[in-house]
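The primary structure of each chain is shown beneath.
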Amino acid sequence: MTNQATVPREADTHHTTMRLPVTGMSCASCALRVEKALQAVPGVQSAQVNLATDEVNIDAAQGTALGTLTAAIAKAGYQVPLAETTLQVLNMSCASCVGRVEKALLAVDGVLSASVNLATDQATVQARADVTRKALEAAVVRAGYAVAANGKHGTAGASEELKTDTSVFALNRLPNWWPVAAGVVLTVPLVLPMIAGWFGIDWMLPGAWQWVLATIVQFGLGWRFYRAGWGALRAYTGNMDLLVALGTSAAYGLSVVMLLRPHGAGTPHLYFESSAAVITLVLLGKWLEARAKRQTTNALRALQALWPTTARVRRGNTELEVPVADVAPDDVVLVRPGERVAVDGEIIEGRSHVDESLLTGESMPVARSVGERVTGGSINIEGALAVRTLAVGAETTLAKIIRMVESAQAAKAPIQRVVDRVSAVFVPVVLGVAALTFFGWLLAGGSIEIALVNAVSVLVIACPCALGLATPTAIMAGTGAAARQGILVKDARTLELARAVTVVAFDKTGTLTEGRPVVTEVVAAPGVTRQKVLRAAAALQRQDSHPLAHAVRTLAQHEGIDLAQVRDGRALAGRGIEGELDDRTFTLGSARLLQERRAEPAEALVTRSRELEQQGVTLSWLLCGDGNGHTDVLGLIAFGDTVRPTSAAAIARLHAIGIRTVMLTGDNRGSAQAVASALGIDDFQAGILPGDKAAAVQALRAKGEVVAMVGDGLNDAPSLAAADLGLALASGTDVAIEAAGITLMRADPRLVADALDISQRTYAKIRQGLFWAFAYNVVGIPLAALGFLSPVIAGAAMALSSVSVVTNALLLRRWTGSGHGAAAAGTSAGDSTASVSRSNESNKGQRAHAS
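Numbers given for residues are sequential positions, taken from 1 along each chain in its written order. Where totals are concerned, whole chains, interfaces and linings use all residues; where local detail is concerned, this predicted model gives features only for residues with pLDDT of at least 70, and gives and counts side-chain atom pairs only at 80 or more. Water and hydrogen atoms were dropped before computing side-chain values, which therefore reflect all heavy atoms in the structure.

1. Points about the overall build of the protein chain
Scanning the protein chain for helices and strands turns up 31 helices and 30 strands. The buried share of the protein chain, reckoned over its 851 residues, is 53%. Long-range pairs, those at least 24 residues apart, make up 69% of the contacts in the protein chain between residues at least 6 apart in sequence. Computed with the Shrake-Rupley method and a 1.4 Å probe, the accessible areas treat only the protein chains shown as cover for residues. Summed over all atoms, the accessible surface of the protein chain reaches about 36,600 Å², with 56% contributed by carbon and sulfur. Strands here are runs of E lasting at least two residues and helices are runs of H or I lasting at least four, both read from the DSSP assignment and numbered beginning at the N terminus. Here the term buried applies to any residue with accessible area under 20% of the maximum for its type, exposed to any over 50%, and partly exposed to those in between, with areas from a 1.4 Å probe on protein chains only. A contact between two residues is defined here by any heavy atoms of the two lying within 4.5 Å.

2. Focus: helix α20 (residues 547-558)
Under the convention used throughout, the expected extent of a helix is 1.5 Å for every residue step, that is, one less than its residue count. Taking 1.5 Å of rise per residue, the 12 residues of α20 would be expected to cover 16 Å, and the 16 Å separating its terminal C-alpha atoms lies within 8% of that figure. Residues Ala549, Ala551, Val552, Arg553, Leu555 and Ala556 constitute the buried set of α20. On the buried face of α20, the contacting elements are β20 (513-524), α19 (530-540) and β25 (631-643). Looking one or two residues beyond α20, the residue adopting positive phi is Gly560, at roughly 75°.

3. A closer look at unusual backbone geometry
Of all residues except glycine, most have a negative phi; of all peptide bonds, most are trans. Within the chain, Asp568 stands out as a residue other than glycine whose phi angle is a positive 55°. Along the chain, Asp568 turns up in strand β21 (residues 567-572). Overall, the relative accessible area of 52% leaves Asp568 in the exposed class. Positive phi outside glycine occurs at Asp583, with the angle close to 65°. You can call Asp583 exposed: its relative accessible area is 69%.

4. Focus on the environment of Gln218
When you line up the elements, Gln218 lands in helix α7 (residues 207-221). Residue class for Gln218 comes out buried when judged on its relative accessible area of 0%. Contact partners of Gln218, with chain neighbours within four places excluded, come to Trp223, Tyr226, Thr248, Ser249, Tyr252, Ser275 and Ile279. Pairing of N or O atoms within 3.5 Å defines a polar contact, subject to two protein rules: one partner must be a possible hydrogen donor and the other a possible acceptor, and residues neighboring in sequence count only if both atoms are side-chain atoms. A distance of 2.7 Å separates polar atoms of two side chains, one belonging to Gln218 and the other to Tyr226.

5. A look at the packing of aromatic side chains
Think of it this way: a Phe, Tyr or Trp ring, Trp meaning its six-membered ring, pairs with another when their centres are within 6.5 Å, and the plane angle makes it stacked under 30 degrees, edge-to-face over 60, tilted otherwise. Counting across every chain of the model gives six aromatic pairs. Between Tyr252 and Phe272, the aromatic rings sit 5.6 Å apart at their centres with planes inclined by 65°, giving edge-to-face as the arrangement. Taken as a pair, Tyr252 in helix α9 (residues 240-260) and Phe272 in helix α10 (residues 272-296) lie far apart in primary sequence, 20 residues in all. Overall, Tyr252 belongs to the buried group, its relative accessible area being 10%. Both a distance and an angle decide whether a charge sits over a ring: NZ of Lys or CZ of Arg must be within 6 Å of the ring centre and within 35 degrees of the ring normal. Looking at Arg499, its charged tip hangs above the ring of Tyr763, at a distance of 3.8 Å from the centre.

6. Here we look at the sheet that holds strand β14 (residues 366-368)
What the three strands build is an open sheet, ordered β14-β13-β16; its pairing is antiparallel. Where the open sheet ends on each side, the last strands, each with one partner, are β14 and β16 (379-380). One bridge is not enough; two strands pair if DSSP finds at least two bridges between them. Pairing analysis gives three bridges linking strand β13 (residues 352-355) to β14, with the strands arranged antiparallel. Across the sheet, the residue bridging to Ser352 is Arg368, located in β14.

7. Comments concerning a nonpolar patch on the surface
On the surface, Val778, Val779, Leu783, Leu786 and Phe788 cluster together into a nonpolar patch covering about 500 Å² of accessible area. By secondary structure assignment, the location of Leu783 is in helix α28 (residues 750-785). Like-charged residues within 9 Å of one another, or nonpolar side chains (Val, Leu, Ile, Met, Phe, Trp, Tyr) within 5 Å, are grouped into patches, provided each residue has over 30% relative accessible area and no salt bridge. In what follows, salt bridge is the name for a side-chain nitrogen of Lys or Arg lying within 4 Å of a carboxyl oxygen of Asp or Glu.

8. Things to note about the pattern of salt bridges
For the coordinates displayed, the defined rule picks out 21 salt bridges. Across the pair Asp330 and Arg388 runs a salt bridge, and its minimum N-O distance is 3.2 Å. Taken together, the positions of Asp330 in the loop between β10 (318-323) and β11 (332-335) and Arg388 in strand β17 (residues 385-391) put the pair 58 residues apart, joining distant regions of the chain. Accessibility expressed as a relative area gives 53% for Asp330, which makes it exposed. Linked through salt bridges whose partners overlap, the residues forming this network are Arg570, Glu578, Glu580 and Arg597.

9. Structural notes on helix α4 (residues 133-142)
Every buried residue of α4 is listed here: Leu136, Ala139 and Val140. Within α4, the buried residues cover an arc of 100° as seen down the axis, which keeps them to one side. In α4, the exposed residues that point more than 90 degrees away from the buried face are Lys134 and Arg142. Looking at the packing, one finds that the buried side of α4 touches β5 (82-90), α3 (95-106), β6 (111-117), β7 (122-128) and β8 (146-147). Residue Gly144 follows α4 closely and has a positive phi angle near 100°. Within this analysis, the arc is defined by the directions that extend from the helix axis to the C-beta atoms.

10. Considering the pairing of strand β19 (residues 503-507)
With five of five residues buried, β19 lies mostly within the body of the structure. Alternating positions in β19 separate into two faces, Val503, Ala505 and Asp507 on one and Val504 and Phe506 on the other, with burial throughout. Pairing analysis gives four bridges linking β19 to strand β28 (residues 707-711), with the strands arranged parallel. Looking at the pairing, Val504 lines up with Ala708 of β28.

11. Notes on the pairing of strand β9 (residues 310-315)
As defined by bridge partners, β9 adjoins β10 across six bridges and the pair is classed as antiparallel. Pairing of Val313 across the sheet is with Leu320, part of β10. Where β9 hands over to β10, the hairpin turn is made up of two residues, of which Gly316 adopts a positive phi near 70°. Where β9 lies against β11, three bridges are found, and the strand directions are antiparallel. Residue pairing across strands places Arg314 opposite Val332, the latter belonging to β11.

Listed below in structure tokens is the structure:
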């Protein structure tokens, strides 16, 4: 197979062409199938398969997601062999750097997409499987940057870089503050004369000393700007480092010329303080920015801290402590009180309360006993547990959560495309404005000194780094805050869609209701006791695994009724179950049995059954034969699915923020009507098939609505995919979760409103950040060009712009939703561990709540 470039190429301003490898094709029919599947994707103009190279050429609208295309190919029965690589890129400083790195990576043969996140200094690359990591790293180096040696998180590489260049600020550790401290010590003597002048004190450091101090700052602490700026020039682009290097060099050079040229007594006014102060202020800004950026990843680091390193495994009669990586499925893992559960598994011994706050956002510990599942990373509060391992490593719930959060935080929001276009021309425009400032002042009669200082101010105040930080920091802070409350966002596009939702469509069973049928009423015939009806029904279903049978047994056990042994138990296909009890034949089943056995219920039973049917409940009739062909109707049992206690509050909150609600269910109209009326849902459709749910969603979209679909079951997957935004309850199926853009880690419908709320707040922070980033430049550059800002003030403003944008985004970390989940934003792994030491009285209250 030829290895030609597979880079997305811009065909025009609205379309792009790309070439994808496809495996599994064998004939012209396969090619036609792939082409047809791709052409059905919205935005795809054409798709042509080349069987000789096993590739497909696609012409699509700009912004068409690669994942959508690969999913269409997979749905057709074929695969796109892609590999995803994450690089930790060093020395990036602004949005222009982001564009440069992305452009360099996209130029590598076989790379399909590249996205660089300035907030994490990470590049995520999707490429053909034959593209090596070495080729990607080489492209980054050619662009003038470095790559951390250890790959994904880059801690080792970043630390090593710090040893050789103290001006590099690593994300994965607190930045080295020595360059900032050294800059302050060396710059203060240069700035003091200016401050002293404000108080009428005429004092100035000798020119030679100014030169010495400024030289150390300029070429020692400021060397990183020269190196990065030179890399940009070699790549025929520009970045913030280039602007700082040019601006400070001009101020420094002017001062040297003025110092060395003949002058009278005293020291002429020099601008060493400007060059040194700008470098020191930029270093300070980068240090503060790096510290703030680190806080945006607190939620992800808290999740990563949940990984236990070892597990206590029972093998035979021996208990062994082994690395978690050595635990295999079906191993029995022992968890003592106060320890973290190391694997996803099922409890086979013991009972306890488990703290799952960092996984689900639920602040109260939940009761767990034999037969129930526990999740790796949660904390066992009180009792010893033996857990049979069901999932380890990358297949655990915690690993999937971390991958989802990482993916969301690394993704680019669609609004970022505007920033990318601006960043591509930002530095050249600033250089042009600086040149116009210099020559404009000369033409206006100003001296070379004044013209150069004002041009330096223009170069220094321009700050493309704030543009690059506005979107990723808001997304990281917002998705992190959401994750702490049990809301997992799949990607940045989801956040942008969620803010515009106008209608929320709910599945009923398992979403608005518990999804577990319960006995709502036991009605006995005249002369028959309720206990007799329940005892016979429970005995007949003693070995039945049907959910209705489980509901009957649960009620019988709760009321202290022993489950009697039935002889000759047998299933009646499509009708019910029959068996011998107390020397009589009992039958439990549907109304069809009444007709077959020619049984006549008492008038009171008939009346009540009609009332119950209008409520939409399911009925089972209990019959008893006397052996002579006569059958008595002893009573009936009504089954219903209870509404979740939080569903009404969820619907009310959506209405309060102006969002309409719809319920889509396959249940009968009576059941749907009862639930919709109880919850105050605006509209509902009942008795519809899974495919009809998707059609109902499409019909809402056709009316101009932005639709969010909430579901939990396998049959909800089509409607989740059809909606603008899908929200899946994590208690549901994996298929539903995969089809959704947002996963709710708790089966609590109130999280739907929370998810929409955090998306709106995150998007608002993005817009605020971009506004201030543009405002700094739109206002600051003209002021500098007109001579109203000195280089020192311009440098301070530039440093402040990045810090303020990141700090504003960090305010999202204080978001706690509607307050029903985890106690507070900022919850950390350490906070969660502290819950192990709660007092006995508190635990009693928590157990009562959980039960």
